[in-house]
Amino acid sequence: MASHGVRPDILARWKEHHLAPLWLSPTAHKPPPPPQQPHLWEWAKTRPLLEHAFSETSPNVVERRVLQYLTPYARSEHEEYTVGAMLCAVQCLLPGEAARPHRHSMGAVRFVLEGSGATTLVNGKQCPMEYGDLILTPAWCWHEHRHDGEAPVLWLDALDVPLHAYLGTAQFQPPPVTNLPETAADAVFATANFLPAETSFTTNYSPVFRYSYADATQALAAAPRAADGSRAIRYTNPITGAQAQPLLDCTMLAIEAGAATTQRRSNASVACVVVAGEGTSTIGGKTIAWREKDFFTIPQGNFASHAAMSKEAHIFMLSDRDVMRRLGVLSEETA
Ligand code: 1HN
C-alpha cells in the first residue's frame, strides 16, 4: 500500500496529465521540516578565495565582480539564495576600476568590509564607502561603483533577489541612464541625516542613501539597553520611520564584553556580519565562533543568542522580516 491504495497505472495517468493526489504530498497535513542549520563563512577562509576573482575577471567584462554566499540547502543549483528571501554576496573593486551604472527591480544594500576610497553613486549622488558604512540602492535607482583608492575595496551586497525570482518580478536595465531624477529633493540629502523642513517627497524610498558607521556607533551608544543589556538600532527612512530599505530590514546589535543576548526566534531569517569584536552565537543548538568580518546565517525557526568575548561586539544584521510583516505572517518570540 505504498501509494495508499492508488493503482500505479492510475498514478501514472494522473502524472501524465499533471495531476497529483494531495494525500501523497510530502508536505500537506504534515509537520514542517526542522529548521535549516546556521552556516558560517569565516572571513579568514573567504578572503583568500576572493583574491582569485581579482585576477580572474573585471567589472568591465562581467558587470559586477561578485561572489555569492550560497546556502548549502538549495534544492537545485539554479536556486540562488543565502538565507530566507535574501541573496548576499561579496563585491570587489580594484583601484582604478569602475562598475557601470545599471538599475533593477531588486532593492539592494551594501555594507563595507575592507578598503577605502570607493564611491557608490545612487541616482548620481555620491556615497563614500568606508568600513562599516551602509549604502542603499533602492529598487529602480541607478547605481554605479567607482574606486580611486589605493587598495582593493570589498563590500557585502544584500538583495531581495530570491523574492523577485519567486514572484517573477526580476527586471534589469543596463545603461544608457534614462529617467534620472533631476536635482530631486529626494536625493539631495543622500548622505546626510538632516532634511530641509520644506522638502516634499515624491519617492517611496529612503531619501538617505548612506548611513555611516560613525553615525551608527554613536546611535548605538545612545540607544537604550534591552533587558539582557544589549543595545540595538534600526536603520530607518527618516521620512516614514519605517526600515530604511523595504524588504531588507537592517539593524546593528552591540553586546558588551562577556555578555550574551536572550534567546530569540522568528519565522524571518537573518544574515549577520561581524563588524567588531569576537564571540559565539548559539543558533538552533549549534554554537559557532565568530570574529571580525565573518558572515553567518540564522535560518527561520531557530532560537538564536549571541555572546561577546573580550570587547564590545557589533553585529550588523539583515532580516527578511519586512516580507513576513507585510504579508501578515510575521511571528517572533523571546525564550
Ligand atoms: C547587482 O546588481 C549588484 O549592482 C551586486 O552592485 C550584486 C547580485 C545579484 C544580482 C545583481 C550591484 C548583485 C547584483
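Rules and cut-offs
- Residues numbered from 1 in each chain as written.
- Predicted model: local features only at pLDDT ≥ 70, side-chain atom pairs only at ≥ 80, totals over all residues.
- Heavy atoms only, no water.
- Helix = DSSP H or I, 4+ residues; strand = E, 2+ residues; numbered from the N terminus.
- Rg over C-alpha atoms; globule rule 2.2 N^0.38 Å.
- Buried < 20%, exposed > 50% of the residue type's maximum accessible area, 1.4 Å probe, protein only.
- Contact = heavy atoms within 4.5 Å.
- 1 Å grid on protein atoms, 1.4 Å probe; cavity = no way out; pocket = protein on both sides within 12 Å on 5 of 7 lines; lining within 4 Å.
- Points joined across faces, edges and corners; volume = space filled by probe spheres on them.
- Nonpolar A, V, L, I, M, F, W, Y, C, P; charged D, E, K, R; others polar.
- Pairing = 2+ DSSP bridges.
- Near = heavy atom within 4 Å.
- Polar contact = N/O pair within 3.5 Å; in protein donor to acceptor, adjacent residues only side chain to side chain.
- Core = buried A, V, L, I, M, F, W, Y, C linked by side-chain atoms within 4.5 Å.
- Phe/Tyr/Trp six-rings, centres within 6.5 Å; stacked < 30°, edge-to-face > 60°.
- UniProt positions renumbered as here; feature names shortened; annotations may be inferred.

If you look the chain up in an unreviewed UniProt entry, it shows as Cupin type-2 domain-containing protein from Candidatus Viadribacter manganicus.

K.L.:
Would you mind going over the overall build of the chain in detail, with residue names and values included?
P.N.:
Helix and strand counts for the chain come out as seven helices and 22 strands. By the compact-globule yardstick of 20 Å for 335 residues, the chain fits well, its C-alpha radius of gyration being 22 Å. Considering only C-alpha atoms, the chain reaches an extent of 70 × 50 × 45 Å along its principal axes. Looking at the chain as a whole, 47% of its 335 residues qualify as buried. Put simply, 70% of the contacts in the chain that link residues at least 6 apart link residues at least 24 apart.

K.L.:
Hey, could you go over the layout of surface pockets for me, with residue numbers and the actual values?
P.N.:
The probe, sized like a water molecule, is rolled over the atoms to show the empty space still left. The volume enclosed by the largest pocket comes to roughly 1,200 Å³. In terms of lining, the largest pocket is formed by 46 residues, of which the most central are Tyr81, Gly84, Ala85, Pro162 and Leu163. At the level of elements, strand S2 (66–69), strand S3 (87–93), strand S4 (98–104), strand S9 (143–147), strand S10 (153–159), helix H4 (161–167) and helix H7 (321–327) are the ones that each hand at least two residues to the lining of the largest pocket. Taken together, the residues of the lining of the largest pocket sort by class into 25 nonpolar, 13 polar and eight charged. Taken as a whole, the second largest pocket spans an internal volume of roughly 700 Å³.

K.L.:
Account for the sheet that holds strand S13 (residues 231–234), naming residues and giving values.
P.N.:
A sheet is described by the order of its strands in space; here six strands give the open sequence S1-S19-S16-S21-S14-S13, paired in antiparallel fashion. The open sheet terminates on both sides in strands that have one partner only, identified here as strand S1 (40–41) and S13. Both strand S14 (residues 249–255) and strand S21 (residues 313–319) contribute to a ladder of seven bridges, which runs antiparallel. In the sheet register, Cys250 faces S21, and the bridge partner there is Leu318.

K.L.:
Explain the site of the ligand to me, and be specific about the residues and the numbers.
P.N.:
Every residue lining the ligand is accounted for by Arg64, Val66, Leu87, Gln91, His102, His104, Arg110, His143, His145, Asp157 and Leu159. Gln91 is positioned such that a nitrogen or oxygen atom in its side chain is 2.9 Å from an oxygen atom of the ligand. At 2.9 Å from an oxygen atom of the ligand is found a side-chain nitrogen or oxygen belonging to His104. Every element with two or more residues in the shell around the ligand is listed here: S3, S4, S9 and S10.

K.L.:
Residues and numbers for the nonpolar core, please.
P.N.:
Counting residues in hydrophobic clusters, the biggest one holds 39 residues, and the most contacted among them are Phe111, Leu134, Leu156, Tyr235, Met252, Phe316 and Leu318. Broken down by element, this core gets its largest block of residues, four residues, from strand S16 (residues 270–276). Residues in contact with Tyr235, not counting those within four places in the same chain, are Phe111, Leu134, Tyr211, Ala216, Ala242, Gln243, Ala244, Cys250, Thr251, Met252 and Phe316. Counting 15 residues, the second-largest nonpolar core is a separate cluster that includes Val270, Cys272, Ile288 and Ala313.

K.L.:
Give me the lowdown on the packing of aromatic side chains, citing residues and values where you can.
P.N.:
Any aromatic ring pair is given by two values, namely how distant the centres are and how the planes are angled relative to each other. A complete count under the given rule lists ten aromatic pairs for this structure. A ring pair is formed by Tyr69 and Phe295, whose centres lie 4.2 Å apart and whose planes are at 15 degrees; its orientation type is stacked. With Tyr69 in strand S2 and Phe295 in strand S19 (residues 295–298), the pair connects residues that are 226 residues apart, well separated along the chain. For the residue pair Tyr69 and Phe295, the accessibility class agrees, reading buried in each case. Both rings, one in Phe111 and one in Phe316, keep their centres 4.1 Å apart while their planes meet at 10 degrees; by these two values the pair is stacked. Here Phe316 lies in strand S21 and Phe111 lies in strand S5 (residues 108–114), a separation of 205 residues in the sequence. A relative accessible area of 1% places Phe111 in the buried class. Ring pairing ties together the aromatic residues Phe111, Tyr211, Tyr235 and Phe316, which thus form one cluster.

K.L.:
If you had to explain the UniProt feature "domain: Cupin type-2" (unreviewed entry) in the chain to someone new, which residues and values would you point to?
P.N.:
The residues that UniProt annotates with the feature "domain: Cupin type-2" (unreviewed entry) are residues 90–157. Within residues 90–157, the helical portion is 0% and the strand portion 62%, while the C-alpha atoms at the span's ends are 6 Å from each other.

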